[in-house]
Every structure is written in structure tokens, then in C-alpha cells.
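# Structural features, examined
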Amino acid sequence: MTTIPDYKPQDPDFKARVRDSFERQPAMHLIGARMIVARPGHCEIELLREPKVTQQHGFVHGGIVGMIADSAAGYAAYSLFPAESTVLTVEYKLNLMAPADADRLVARSIVTRHGRTLTICSLDVFGHKNDKMTHCATGLATMMCIMGRNDGPRDAQPGLIR
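Just so we're clear, the structure is a prediction, and the values are computed from it rather than from any experiment.

### Considerations on the pattern of salt bridges
Evaluation of the coordinates by the stated rule reveals 8 salt bridges. Of the charged contacts, one joins aspartate 11 and arginine 17 as a salt bridge, the two residues approaching to 2.7 Å between their closest N and O atoms. Aspartate 11 gets classed as buried once you look at its relative accessible area, which sits at 8%. The exposure class of arginine 17 is buried, given its relative accessible area of 5%. In this structure, aspartate 101 engages lysine 129 in a salt bridge whose closest nitrogen and oxygen atoms are separated by 3.0 Å. Of this pair, aspartate 101 sits in the loop between strand 3 (85-96) and strand 4 (104-114) while lysine 129 sits in strand 5 (residues 118-129), and the two are 28 residues apart along the sequence. Look at aspartate 101 and you get partly exposed, because its relative accessible area is 39%. Each of the salt bridges in this network shares a partner with another, and the network as a whole consists of Asp20, Arg24 and Asp151.

### Brief notes about the pairing of strand 1 (residues 34-39)
Two elements, strand 1 and strand 2 (residues 42-48), share 5 bridges in a ladder whose sense is antiparallel. For methionine 35, the partnering residue across the bridge sits in strand 2 and is isoleucine 45. Counting the residues that bridge the hairpin from strand 1 to strand 2 gives 2 residues, and of these glycine 41 lies at a positive phi of roughly 75°.

### Side note on the nonpolar core
Soluble globular proteins tend to bury their nonpolar side chains together. Formed by 41 residues in total, the largest nonpolar core has its most connected members in Ile68 and Leu105. At 10 residues, the largest contribution of residues to this core is made by helix 3 (residues 62-78). Among all residues touching leucine 105, those that are not within four sequence positions of it are Ile45, Glu46, Leu47, Val60, Val65, Ile68, Ala100, Val125, Phe126, Gly127 and Cys136.

Basis of the calculations
- Residues numbered from 1 in each chain as written.
- Predicted model: local features only at pLDDT ≥ 70, side-chain atom pairs only at ≥ 80, totals over all residues.
- Heavy atoms only, no water.
- Salt bridge = Lys/Arg side-chain N within 4 Å of Asp/Glu carboxyl O.
- Buried < 20%, exposed > 50% of the residue type's maximum accessible area, 1.4 Å probe, protein only.
- Helix = DSSP H or I, 4+ residues; strand = E, 2+ residues; numbered from the N terminus.
- Pairing = 2+ DSSP bridges.
- Core = buried A, V, L, I, M, F, W, Y, C linked by side-chain atoms within 4.5 Å.
- Contact = heavy atoms within 4.5 Å.

Below is the structure:
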């Protein structure tokens, strides 16, 4: 298990800002993902297996695994950003190590280096099925802090596609 550094967020209200942003993501609503951990430099997103997120063999689709890993990294980084900023993915690399043959997936990301503009995060996705945990994917992501840009409308309804 990776040790989580003791980061101090720049925004004391980071948790509400991170969760608000997540709730305004139509893509996460579409697949049924939910944020289960939001701490400074650490985020976890959970996805329950449903037929709509599977591929032809019944595994959770690799693209969906990538979606939750990318979002977990974005919010791990965003938790350390100033209040008057937003986050965008610069790049991520994800190694799919085992089929996502699970009832529940958990994407975990931890900030490994926090910079003023770029933040590097580790990514891991674990599958849970029948009391067994499988490490399905691992990777690295680079997130960008964009200053002076609102993260989105605060009055937007969750899941609303504009």
C-alpha cells in the first residue's frame, strides 16, 4: 500500500469544492461512478459493475477503467489547488494488468509531486469480487492547475448535459 503524504491544501474548503466539481460531471453520472474518498492529495472513485459499462466478455470496459482512474487523479490533484483554479488532464498512462472482472472497482490516486502548474499522481484500480481484490490497473497522470478560471457553474444540476 502506498503511503499518502501529509499534504496541506491551499483551500481550507477543498473537500466541498472537489465534491461539487465531481457532482457536476455528466460522464461520471452516466457510468454511475461515485467519489468515496476526498483527502488532500488523495482521491478514490468507486464504480459498481453494471451491464452498461461492460465489454463483450462481461468485464468492465478498459475505457471505463481509464475514466475513473483519470477522474481520481484529477481530483487528488485538484484537492491541493487554490480555490480560484480548475484542473485539466495533461496526460495519463494506464497499464491494464488484469481484466476488470469485478462487482466493484475502486480507482485510487495519490499525488506524488505537487507543483505550481503541474501535479503528478499515481493511479491504481482495484477490482473487488467475492471477497477477493485484484489489482487491475496502474499508471501515472499529469494534471494541470489553471488559475483564474472557474471550475464550472455552481448552480448546475448534477448530470445535466449542456
